[in-house]
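Coordinates in review
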Amino acid sequence: MASITLDNLGKIYAGGTRAVGDVNIDIADGEFIVLVGPSGCGKSTLLRMVAGLESISEGEVRIGDRVVNEVEPADRDIAMVFQNYALYPHMSVRENLAYGLKNRRTPKAEIDRRVDEAAEILQIGKFLDRKPKALSGGQRQRVAMGRAIVREPAAFLFDEPLSNLDAKLRVAMRLEIKELQKRLRTTSLYVTHDQLEAMTLADRLVVLNGGRVEQIGTPLEVYRRPASAFVAGFIGSPAMNLLDAGAVPFLPGSAHAGQVGIRPEDLDVTADGPIELQVTAVEELGAQRLVHGHTAGERMTITLPSDAALSDVLRLTPRPGALHLFDRQTGARMD
Amino acid sequence: MKRTIFRNQLLPWLLLAPQLVITFVFFLWPAAQAVKQSFLREDAFGTRTSFVGLANFEKLWGNAEYLNSLQVTAVFAISVTILSMGLSLILAVAVDRMIRSSRVYTTLLVWPYAVAPAVAGILWWFIFNPTIGIMPYVLAQVGYDWNHISSKSDAMTLVVIASAWKQISYNFLFFVAGLQAIPASLREAAAIDGAGPVRRFFDITFPLLSPTTFFLLVVNIVYAMFDTFGVIDATTEGGPAQATNIMVYKVYFDGFVGQNMGSSAAQSVVLMMLVLVLTVVQFRYVEKKVEY
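Residues numbered from 1 in each chain as written. Chains lettered and ligands numbered in written order. Predicted model: local features only at pLDDT ≥ 70, side-chain atom pairs only at ≥ 80, totals over all residues. Heavy atoms only, no water.

1. Focus on the overall build of chain B
The cut-off we apply is this: A helix here means a DSSP run of H or I that spans at least four residues, while a strand means a run of E at least two residues long, and both kinds are numbered starting from the N terminus. Partly exposed describes any residue whose relative accessible area lies between the buried limit of under 20% and the exposed limit of over 50%, with all areas from a 1.4 Å probe on protein chains only and scaled to the type maximum. A contact between two residues is defined here by any heavy atoms of the two lying within 4.5 Å. Positive charges come from Lys and Arg alone, negative charges from Asp and Glu alone, with His and the N- and C-terminal ends not counted. Charge positions are represented by NZ for Lys, CZ for Arg, CG for Asp and CD for Glu.
The helix and strand tally for chain B stands at 13 helices and two strands. Along the first, second and third principal axes, the C-alpha set of chain B runs to 75 × 70 × 30 Å. Counting across all 292 residues of chain B, residues that qualify as buried make up 40%. The contacts in chain B between residues at least 6 apart in sequence include a share of 65% that link residues at least 24 apart. Side chains of chain B carry 19 positive and 16 negative charges; the gap between the two charge centres is 11 Å.

Okay, here's the thing in structure tokens:
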């Protein structure tokens, strides 16, 4: 158990390419932090810097009170779950789980106890003597997590652990990871490009873009008050409508802003609404429908109840307080 | 697999003909001749030939020179295999750790493969030549008197080095490919699991490389036993005192120098059997990949 501090962390590759810069994150003991961002935003690099698999060009990583910049991965007291699980294919599940403990000269009885305990928690007891290739994707995923659990490390690092699973299993495993983390109270750093996974798992989200932190906050804070146009467009599904302020001059505050953001669920159909939506497509989701269209040349999506009336032109009114205004130059939130 | 249906029955045979002719003329026919010859005995002038059954084979087992050749071949093949595979594995691991310059090294390390065995033999023969070579001079500085013309062990060392050197390129390429097929995340996971570089190599890398290693083991043994004729012929010619007279060289020497066709043919049949066994081993196990 430990806190993790990323202090002005930066990564510059040989050749001068900057992957990550000015990252400051304080992770409290037992907290579940999710790093989220589009591919190439530096989130995996950041995680690998914490793990010690990537050298640190600038700043400091502290685990507990200890600066670990120059500490070997093995000595950082962390465990990592890889995207491809990275199970040792020539070892049985039991050997996979025990390998890290064996290398640390843990007594045999203690290894057995911890392996059996982890197997119990993850319900992989009956696979212990199988080789990884005889397991399904979900089972491999559990073994990979088991390998992290048995070590009883100060922190778990997850590198997109669910992205190789099919959609249904992903949702199930997501919940399991959440429950497991709540139960073990181990500080966790989790990387994903899936904003839904990020929202559901995180105590706090770190939204990254182009190697920089765009916003840090709880899922609801980030959802309700996105700090920038990028975060606004990235978090939330369907994505927030980002309209050029010039196209909707009648909306309050748009005179000074560059972009006006409105979530699809924050628009109501009214007879005299100021926004005129030319409907181009409708997607039925069952519980609700997504209506796509454009207004004044800007693309726009709204969500409506599945029984709402449809027509080619809808007049829309934004709910009060639902407008997000972003700066023309920086894209930063204006209020 | 893609199947092509030929309308004309003759065309596929025509397309196959060049390969079939080559196989027949240069392999099947001489091989059949050797088998036939191995049951015959000719007199010294080749005027009379008589059928002797398995006598030629029986004689081999009582022949001290032949038994010596078996032993020499075993020592030679094992030494060449271990030396060339060991060195190329070290080189491959070194190159695998490089990021930018690995292509340059790979290209350079492949060159020896383009050198003909006889040329490789001559090359090392010059390097180790007791009169003009650089290595005997260097060895003399540390007090070793190198002479592969009179010393059996020196001669063996020379042919082993020359043969192994040529095979390093081939092994190296396969090892590099094998290493690159091992996901980096496995080694990273092992590093986080507390395994140091040496431990990682023996616990993770080497076991996962075993299909490549096994394949190369068979290939190298076959190479050492059959393709090193040129090296031996250009350097020691089987000497001194039979010390480097490996089976394939003895077949040639007894047949074409000693003119003992019956014995030579029987020896080549034994060799053929060996190739057969090695080929079966290779197909049975390598094609299925070694289990891990």
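2. Here's the deal with unusual backbone geometry
A negative phi holds for most residues other than glycine; trans holds for most peptide bonds. Residues and elements named next belong to chain A. Cis geometry marks the peptide bond from Ser237 to Pro238; its omega dihedral reads -5°. Topologically, Pro238 is positioned in the loop between α8 (229-234) and β11 (241-244). Of note, Asp77 is a non-glycine position whose phi angle comes to about 60°, a positive value. Considering the arrangement of structural elements, one finds Asp77 in the loop between β5 (66-67) and β6 (78-81). A positive phi is found at Arg105, a non-glycine position, where the angle reads about 55°. In this structure, Arg105 sits in the loop between α2 (93-103) and α3 (108-122).

3. Here we look at the interface of chain B and chain A
Keep this limit in mind: Here the quantity called buried area is the accessible surface, traced with a 1.4 Å probe, that two parts lose on coming together, added over both. Take a side-chain nitrogen of Lys or Arg and a carboxyl oxygen of Asp or Glu: if they are within 4 Å of each other, that pair is a salt bridge. Whenever a nitrogen or oxygen atom comes within 3.5 Å of another N or O atom, the pair is scored as a polar contact, on the condition that within protein one atom can donate a hydrogen and the other can accept it, and that pairs from neighbouring residues in sequence are kept only if both atoms are in side chains. Under the grouping applied here, Gly and all other residues not named as nonpolar or charged are polar, the nonpolar ones being Ala, Val, Leu, Ile, Met, Phe, Trp, Tyr, Cys and Pro and the charged ones Asp, Glu, Lys and Arg.
Listed per partner, the contact involves 18 residues of chain B and 24 residues of chain A. The contact between chain B and chain A buries some 1800 Å² in all, and 58% of this surface belongs to carbon and sulfur atoms. Along the contact surface separating chain B from chain A lie two salt bridges. Ionic pairing is found between Glu188(B) and Arg48(A), a salt bridge with its closest N-O pair at 2.7 Å. Linking chain B with chain A are twelve residue pairs in polar contact (both at pLDDT 80 or more). Looking at the side of chain B that touches chain A, the elements that each hand over two or more residues are α8 (184-192) and α9 (197-208) of chain B. For the side of chain B that touches chain A, the leading source of residues is α8(B), giving seven residues. Counted by class, the side of chain B that touches chain A contains eleven nonpolar, two polar and five charged residues.

4. Points about the packing of helix α4 (residues 102-110) of chain B against helix α7 (residues 152-180) of chain B
Residue and element names in this part refer to chain B. Formally: Lines fitted to C-alpha atoms define the axes, with helix axes restricted to the stretch in contact, and inter-axis angles between N-to-C directions lie between 0 and 180 degrees.
At a minimum axis separation of 8 Å, α4 and α7 run at an interaxial angle of 145°. Every residue of α7 that contacts α4 at Thr106, Leu109 and Val110 is listed here: Ser169, Phe172 and Leu173. For the contact of α4 with α7, the per-class residue count stands at four nonpolar, two polar and no charged.

5. Observations concerning the pattern of salt bridges
As enumerated under the stated definition, the model contains 25 salt bridges over all chains in all. With a closest N to O distance of 3.1 Å, Arg113(A) and Glu117(A) form a salt bridge. Taken together, the positions of Arg113(A) and Glu117(A), both in helix α3 and four residues apart, correspond to about one turn of that helix. The partly exposed category is assigned to Arg113(A), whose relative accessible area is 41%. Salt-bridge contacts for Asp193(B) lead to Arg151(A); the nearest nitrogen and oxygen are separated by 3.5 Å. Here Asp193(B), found in the loop between α8 and α9, pairs with Arg151(A), found in the loop between α4 (137-150) and β7 (155-159), and the two come from separate chains. Each member of the pair Asp193(B) and Arg151(A) is classed as buried. A single salt-bridge network, built from bridges that share partners, covers Glu110(A), Arg113(A), Arg114(A), Glu117(A) and Glu152(A).

Without other data, these values stay purely geometric and don't point to any function.
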